[in-house]
Amino acid sequence: MIDSTPMTQAAPDATLFDQLAAIKGVEIAPDEPLARHVTMGVGGPARWFVTLDSVEAAQAAIGLLRSSGVRWMVLGGGSNTFFVDAGFDGVILFLGRGLRAMTLGPGERHVTAGAGATLSSVMNFAKRAGLAGLEFAAGIPGTLGGALAGNAGTPKGDICSLVDAVEVIDAQGHFVVRQRGEFEFAYRSSALRHDLILRATLALCPDSPEAIQERITQALTKRGEQPIGVRTSGCTFKNPPGDAAGRMIDAVGLKGERVGGAWISERHANFILNDGSASSADICELVSIVRQRVLDHFGVNLELEIKIVGLDSDNKTH
Ligand code: EPU
């Protein structure tokens, strides 16, 4: 996920608002509650929540924002990200309908999709076309763009192995098509997080929709061991080399641990859940407790897989 974080931050002002609002394909919602846009369901408002509906709108908006010095970032499906209770005093960019379209091609085995499409809609589109490879993604929430930025995956596969080309706006504001080999994909990470991801072409394998559906069902059954249909950001921590964060948190006896409205799932200890009354601060405190306990017990510093915007590495808001 791209985050401008300039050294000096200008406040968004009325002139910038008018300039942005004048771009075709840009819509601005002031003081938009970010809790509505993240699966964890917490966090304060964004100064401006800006929806982009085309590549051209995205490029023009980024051009303006870059020269303004205002802080801005792109939000995907909000399934791996949430914001502090103070919100985000800048511009949140969000991909609208025009950047969610899916097509077959350019090659026979290719699907090309807008980065704002959900991963599950891309998987189902590919299935209907008899193209396999995305089944590992069954049950993973979020958008294709978010999945590419964080190299979403499970032990059964990850998105990086499927990507042929990605259209982005780079950190300098230029439209660039990145090819396989340029993504620096690693465990839950990729160089694409520095770009605004617009569209991607995935190279898949022909198979029958029935066989694909069977693998989707298997992946969903595995997911059934995890909390679903609840307010959560999924796995909170990355797995440290050779171990599983869920196993470690379970082993130190933290299942069911609660701070305010936030608690650790009894089903899978790497999931923090919001019972509907949690604040962002509750979740951050629980994150600290887990880290400290696992550090004391195993000598391992768990790294966050989720992104908490507005919180620095010492758990202080900024
Ligand atoms: N475990 C426990 N207690 C728990 C949870 C897990 O002892 O409360 C043990 C399990 O028994 C197993 C090991 O920990 O031996 C690993 O657990 P699991 O098979 O559930 O996989 P995971 O490593 O915890 C990873 C991904 C998940 C993905 C599953 C699919 C990471 C951090 N997590 O979980 O991704 O759904 O594999 O198998 O890579 C996510 O990214 O949001 C996410 C949930």
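What you see as residue numbers is a count from 1 along each chain, following the sequence as written. Restriction of local features to residues with pLDDT of at least 70 applies here, the model being predicted, together with a cutoff of 80 or more for giving and counting side-chain atom pairs; totals for whole chains, interfaces and linings are based on all residues. Note that water and hydrogens are dropped before the side-chain values are worked out from all heavy atoms of the structure.

**Examining the sheet that holds strand β3 (residues 72-75)**
Then step 1. Between any two strands, at least two bridges found by DSSP are needed for them to pair. Elements are defined by DSSP. Helices are runs of H or I of four residues or more, strands are runs of E of two residues or more, and each kind is numbered from the N terminus. The four strands are arranged β1-β2-β5-β3 in an open sheet whose pairing can be described as mixed. The two strands at the open ends of the sheet, each matched to only one other strand, are β1 (26-33) and β3. Pairs of neighbouring strands in the sheet enclose a mean axial angle of 30°, with direction left out of account.
Then step 2. Two strands pair when backbone bridges link them, and β1 and strand β2 (residues 45-52) are joined in this way by seven bridges, in the antiparallel orientation. The partner of Ile28 across the bridge, within β2, is Val50.
Then step 3. Running at roughly 135° to β1, helix α1 (residues 14-21) makes contact with β1 and β2 of the sheet. Axis definition: a line fit to C-alpha positions, over the contact stretch in the case of helices; interaxial angles, taken between N-to-C directions, run 0 to 180 degrees. Any pair of residues with heavy atoms lying within 4.5 Å of one another is described as a contacting pair.

**Section: helix α3 (residues 119-128)**
Then step 1. Remark: exposure states derive from per-residue accessible area (1.4 Å probe, protein chains only) relative to the maximum for the residue type, with buried under 20%, exposed over 50%, and partly exposed in between. Within the sequence span of α3, burial applies to Leu119, Val122, Met123, Phe125, Ala126 and Lys127.
Then step 2. Those residues of α3 that are buried lie in contact with β6 (102-104), β7 (110-114), β8 (131-132), α4 (144-149), β13 (196-203) and α5 (209-223).
Then step 3. Positive phi appears at Gly130, one or two residues downstream of α3, with a value of about 70°.

**Observations regarding the environment of Gly261**
Then step 1. If you trace the backbone, Gly261 turns up in the loop between β16 (258-259) and β17 (262-264).
Then step 2. Owing to a relative accessible area of 2%, Gly261 belongs among the buried residues under this scheme.
Then step 3. Along the primary structure Gly261 and Ser68 are separated by 193 residues, whereas in three dimensions their C-alpha atoms are 38 Å apart.
Then step 4. What Gly261 contacts, discounting residues up to four positions off in sequence, is Leu273, Asn274, Asp275, Ser277, Ala278 and Asp282.

**Quick word on the site of the ligand**
Then step 1. By nearness alone, 20 residues border the ligand, and Arg223, Cys235, Asn239, Asp250 and Glu305 come closest of all.
Then step 2. With respect to the ligand, the side chain of Asp250 contributes an N or O atom lying 2.8 Å from a nitrogen atom.
Then step 3. Compared with its free state, where it exposes 820 Å², the ligand has 74% of that area covered by protein.
Then step 4. Only α5, β15 (231-235) and α6 (245-251) provide two or more residues apiece to the shell around the ligand.
Then step 5. Among the elements that line the shell around the ligand, the one with the most residues is α6, at three residues.
Then step 6. Among the residues making up the shell around the ligand, the classes are represented as seven nonpolar, six polar and seven charged. Think of it this way: one heavy atom of a residue within 4 Å of a molecule or strand is enough to make that residue near it. N or O atoms within 3.5 Å of each other form a polar contact, as long as, within protein, one can give a hydrogen and the other can take it, and as long as residues adjacent in sequence are counted only when both atoms are side-chain atoms. Accessible surface area values rest on a Shrake-Rupley calculation with a 1.4 Å probe, where residue burial reflects the displayed protein chains alone. Three categories are distinguished: nonpolar for Ala, Val, Leu, Ile, Met, Phe, Trp, Tyr, Cys and Pro, charged for Asp, Glu, Lys and Arg, and polar for the others, with Gly belonging to the last.

**Considering the packing of α1 against helix α2 (residues 55-68)**
Then step 1. The geometry of α1 relative to α2 is characterised by a closest axis approach of 10 Å and an angle of 165° between their N-to-C directions. Comparing the axis directions of α1 and α2 gives the class roughly antiparallel. Remark: the crossing between α1 and α2 carries right-handed chirality. Judged by residue contacts, Leu16, Gln19 and Leu20 of α1 engage Ala61, Leu64, Leu65 and Ser68 from α2. Oblique is the label for every angle not falling under 35 degrees (roughly parallel), over 145 degrees (roughly antiparallel), or within 65 to 115 degrees (roughly perpendicular). In this scheme the handedness of a crossing depends on how the near helix is turned from the far one: anticlockwise by less than a right angle means left-handed, clockwise means right-handed.

**Some remarks on the environment of Asn301**
Then step 1. Within the secondary structure, Asn301 is located in the loop between α7 (280-298) and β19 (307-309).
Then step 2. For the pair Asn301 and Arg291, spaced 10 residues apart in sequence, the C-alpha to C-alpha distance is 6.5 Å.

**Side note on the side chain of Arg223**
Then step 1. One can find Arg223 in helix α5.
Then step 2. Those residues in contact with Arg223, other than ones at most four positions away along the chain, are Ala138, Gly139, Ile140, Thr154 and Ile228.

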